[in-house]
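Each chain, written out:
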Amino acid sequence: MSDLLAARSQMAVSLAFHIIFAVIGIAMPVLMVIAERRWQRTRDPVYLDLAKRWARGTAILFAVGAVSGTVLSFELGLLWPRFMALAGPIIGMPFSLEGFAFFTEAIFLGVYLYGWERVSPRAHLLAGVLVALSGAASGIFVVIANAWMNTPTGFTFANGAFTDIDPIAAMRTPAALPQTLHMTLAAYAATGLGVAGIHAFLLLKNRTSAFNRAALTIGLLVGAPAAVLQPISGDIAARSVARRQPVKLAAMEELYETRAGAPLTLGPGIEIPYALSLLAFHDPHAVQGLNAVPRAEWPNVPLVHWSFDIMVSLGTYLALVGLWAGWLALRKRDVTMHRRFLAALAVAAPCGFLALEAGWTVTELGRQPWVIFGILKTADAVTPMPGLIVPFTAITLLYCGLAAVVSVVLYRQIIRSPA
């Protein structure tokens, strides 16, 4: 394995691990706030139990996410010094704001965890709301930094250096809104339906559990609307990619030649005529193919294409489950009495997180060979230090062990419900 591949693989493993904790940290506080609010209104002890369990889960995931996020910060500097030297003055702004949001979240999470008997009910609920808002803000600022890497703005580039830097203009990069919208909805959909799916599985074995019924309902309240809206945000994101990163779009659809009425390619070569042109531009005309750029500037086309198909397939399934939940709610049906729906929801539990991983694979691999699109190539940004296979192996083994420990702790603290 080359040092470049080892460095890229280490970042991929670190990001794939961290992103799970990041998205749960965005959405889980919303669930605990809803549970506490329902307890305040109904005084049903089930909701209080849910709020406390989800708060403990949020604290555990927050701690692990903080560690894995810190590792990523060090990796940016140690593995990609040329990138940080060049881009640091620009992406320092969103990263600084992310740090502010992170510390705000930590402060109010502490108030929430230890303030049950120490602050007023209204102040306690407000602390939970601030945890949810700061968690979402933290994710948004990080995604803005990544969006800038895809569509860099806010500077003049000359003689290999950035001048006339405008950090605010850089944060308003054209990819910022499509990416942050798509990612934030994905966090709520994955976490909400993930929680609902776990409790749907438990309800298939015991439909009388009030704890699981309440947890499933709150999970659907958060996850189902986000899953239904996600395809709309995906359309917005895809049209942004089509305009500003046409090579990435061509790789997503394995479109090797520029052609009029470009088809949408599904899986192993199933084509829908004109669909790609219509989706990308709302116009049945040409979409740029990979042949428009040198072969050296192509990403890993098969991996980008299959990752995109996986993301779209799983996202579509989640949207259908969300629509099914909405239809049952409109008909005032008890979802816990519909065994087929519970089974479909249980299947959906891991789908949102798998779609997230696939989506980030598309985002990152589709930009290759560039780390800053059109400006700095990944091969030119990597550290010259040799032997990068060693830290890659160590980090991978560490994360595997940490994932196992976290899974056991979460099961014991949150997922395992009362008999």
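That block above? That's the structure.
Cut-offs applied
Residues numbered from 1 in each chain as written. Predicted model: local features only at pLDDT ≥ 70, side-chain atom pairs only at ≥ 80, totals over all residues. Heavy atoms only, no water. Phe/Tyr/Trp six-rings, centres within 6.5 Å; stacked < 30°, edge-to-face > 60°. Buried < 20%, exposed > 50% of the residue type's maximum accessible area, 1.4 Å probe, protein only. Helix = DSSP H or I, 4+ residues; strand = E, 2+ residues; numbered from the N terminus. Lys NZ or Arg CZ within 6 Å of the ring centre and 35° of its normal. Salt bridge = Lys/Arg side-chain N within 4 Å of Asp/Glu carboxyl O.

Novice: Teacher, can you tell me more about the packing of aromatic side chains here?
Specialist: Two numbers describe a pair of aromatic rings. These are the distance of the centres and the angle of the planes. Per the counting criterion, the structure on display carries 11 aromatic pairs. Summarising the aromatic geometry, the rings of Phe155 and Phe162 are spaced 4.3 Å apart at their centres and angled 50° between planes, so their arrangement reads as tilted. Both residues of the pair, Phe155 and Phe162, belong to the buried class. Both rings, one in Trp324 and one in Phe341, keep their centres 5.4 Å apart while their planes meet at 75°; by these two values the pair is edge-to-face. Residue Trp324 is found in helix 10 (residues 301-330), and its partner Phe341 is found in helix 11 (residues 339-348); the two are separated by 17 residues along the sequence. In this structure Phe341 comes out as buried when scored by relative accessible area, which is 0%. These aromatic residues form a ring-pair network of at least three members: Trp148, Phe155, Phe157 and Phe162. Directly above the ring of Trp39 sits Arg43, whose terminal nitrogen or CZ lies 4.3 Å from the centroid. Positioned over the ring face of Trp370 is Lys377, at 5.2 Å from the centre of the ring.

Novice: Hey, could you run me through the pattern of salt bridges in this one?
Specialist: Oppositely charged side chains are able to pair whenever their charged atoms sit close together. Taken as a whole and judged by the stated rule, the model has 4 salt bridges. Residues Asp49 and Arg53 are paired through a salt bridge, measuring 3.1 Å at the closest nitrogen-oxygen approach. Within this pair, Asp49 and its partner Arg53 are both found in helix 2 (residues 45-79), separated by 4 residues, close to a single helical turn. Take Asp49: its relative accessible area is 25%, and that puts it in the partly exposed class. Judged by its relative accessible area of 11%, Arg53 is buried. Residue Asp235 is joined to Arg239 by a salt bridge in which the shortest nitrogen-to-oxygen separation is 3.2 Å. Of this pair, Asp235 and Arg239 both sit in helix 7 (residues 210-244), separated by 4 residues, roughly a single helical turn. Asp235 sits in the partly exposed class, given a relative accessible area of 22%.

Read these as geometric descriptors, not functional statements.
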